[in-house]
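What follows is the residue order along each chain.
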Amino acid sequence: MVNLAPHTQRPIITPAIWEKRNYWVKADSFRMDWDWAGQLSEKMKIAVLGDDWGQVAMLSAQIGQKLHKVNVPENHRMGKPWLGAWEKYGVFGSELN
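Residues numbered from 1 in each chain as written. Predicted model: local features only at pLDDT ≥ 70, side-chain atom pairs only at ≥ 80, totals over all residues. Heavy atoms only, no water.

In terms of helices and strands, the protein carries 4 helices and 0 strands. The helix and strand sequence of the protein, counted from the amino end, reads α-α-α-α. Looking at the protein residue by residue over its 97 residues, the buried ones come to 18%. Contacts in the protein between residues at least 24 apart in sequence constitute 48% of all its contacts with a sequence separation of at least 6. (Helix = DSSP H or I, 4+ residues; strand = E, 2+ residues; numbered from the N terminus. Buried < 20%, exposed > 50% of the residue type's maximum accessible area, 1.4 Å probe, protein only. Contact = heavy atoms within 4.5 Å.)

Here's what the structure looks like:
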């Protein structure tokens, strides 16, 4: 499952910094470019909780289209957050309702 929820917070913080420096156009552009993340995250949560796997597949394709230009370097520091994610979601997923 793709969890875009944490990424919906970052677009709020970054434009605020740009606005303090009067980079209004850049801040607005950033918000518009990442507005989809919150919307698809909510739809994905509803689809997974509702066991609507057809919708999950469709949303996954949409997310893939949005992220196809993102290049994560091999030497990133993220680790492997997807390992054990489903089990963790099973424990905490009921809190998301």
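After that view, the rundown keeps rolling.
A few words now on the pattern of salt bridges. Scanning the model with the defined rule gives 1 salt bridge in all. Taking the shortest distance from any N to any O, the salt bridge between Glu42 and Lys45 comes out at 3.6 Å. Note that Glu42 and Lys45 are positioned in helix H2 (residues 24–49) at a spacing of 3 residues, about one turn of the helix. (Salt bridge = Lys/Arg side-chain N within 4 Å of Asp/Glu carboxyl O.)

Let us look at the environment of Lys45. Under the relative-accessibility criterion, Lys45 is labelled partly exposed at 22%. Sequence separation of Lys45 and Val56 is 11 residues, and the distance between their C-alpha atoms is 8.9 Å.

A separate point is a nonpolar patch on the surface. Taken together, the side chains of Leu67, Val70, Val72 and Met78 make up a nonpolar region of the molecular surface, amounting to roughly 330 Å² of accessible area. As for its placement among the helices and strands, Leu67 is situated in helix H3 (residues 53–67). (Patch = residues over 30% accessible without salt bridge, like charges linked within 9 Å, V, L, I, M, F, W, Y side chains within 5 Å. Areas by Shrake-Rupley, 256 points an atom, 1.4 Å probe, with all protein chains shown as cover.)

Moving on, we get to the packing of H2 against H3. Any two packed helices are characterised by how steeply their axes cross, that is the angle between the axes, and by the distance between the axes. The N-to-C vectors of H2 and H3 enclose an angle of 160 degrees; their axes lie 9 Å apart at closest approach. As the angle between them shows, H2 and H3 are arranged roughly antiparallel. As H2 packs across H3, the resulting crossing turns out to be left-handed. Contacts between H2 and H3 involve Trp34, Trp36, Leu40, Lys43, Met44, Ala47 and Val48 from the first element and Trp53, Gln55, Val56, Leu59, Ser60, Gln62, Ile63, Lys66 and Leu67 from the second. When its residues are assigned to classes, the contact of H2 with H3 shows 11 nonpolar, 3 polar and 2 charged. (Axes fitted to C-alpha atoms, helices over the stretch in contact; angles between N-to-C directions. Parallel < 35°, antiparallel > 145°, perpendicular 65-115°, else oblique. Left-handed = near helix turned anticlockwise from the far one by under 90°. Nonpolar A, V, L, I, M, F, W, Y, C, P; charged D, E, K, R; others polar.)

The topology assignment puts Trp53 in helix H3. When residues no more than four places from it in sequence are discounted, the contact partners of Trp53 are Val48 and Trp86.

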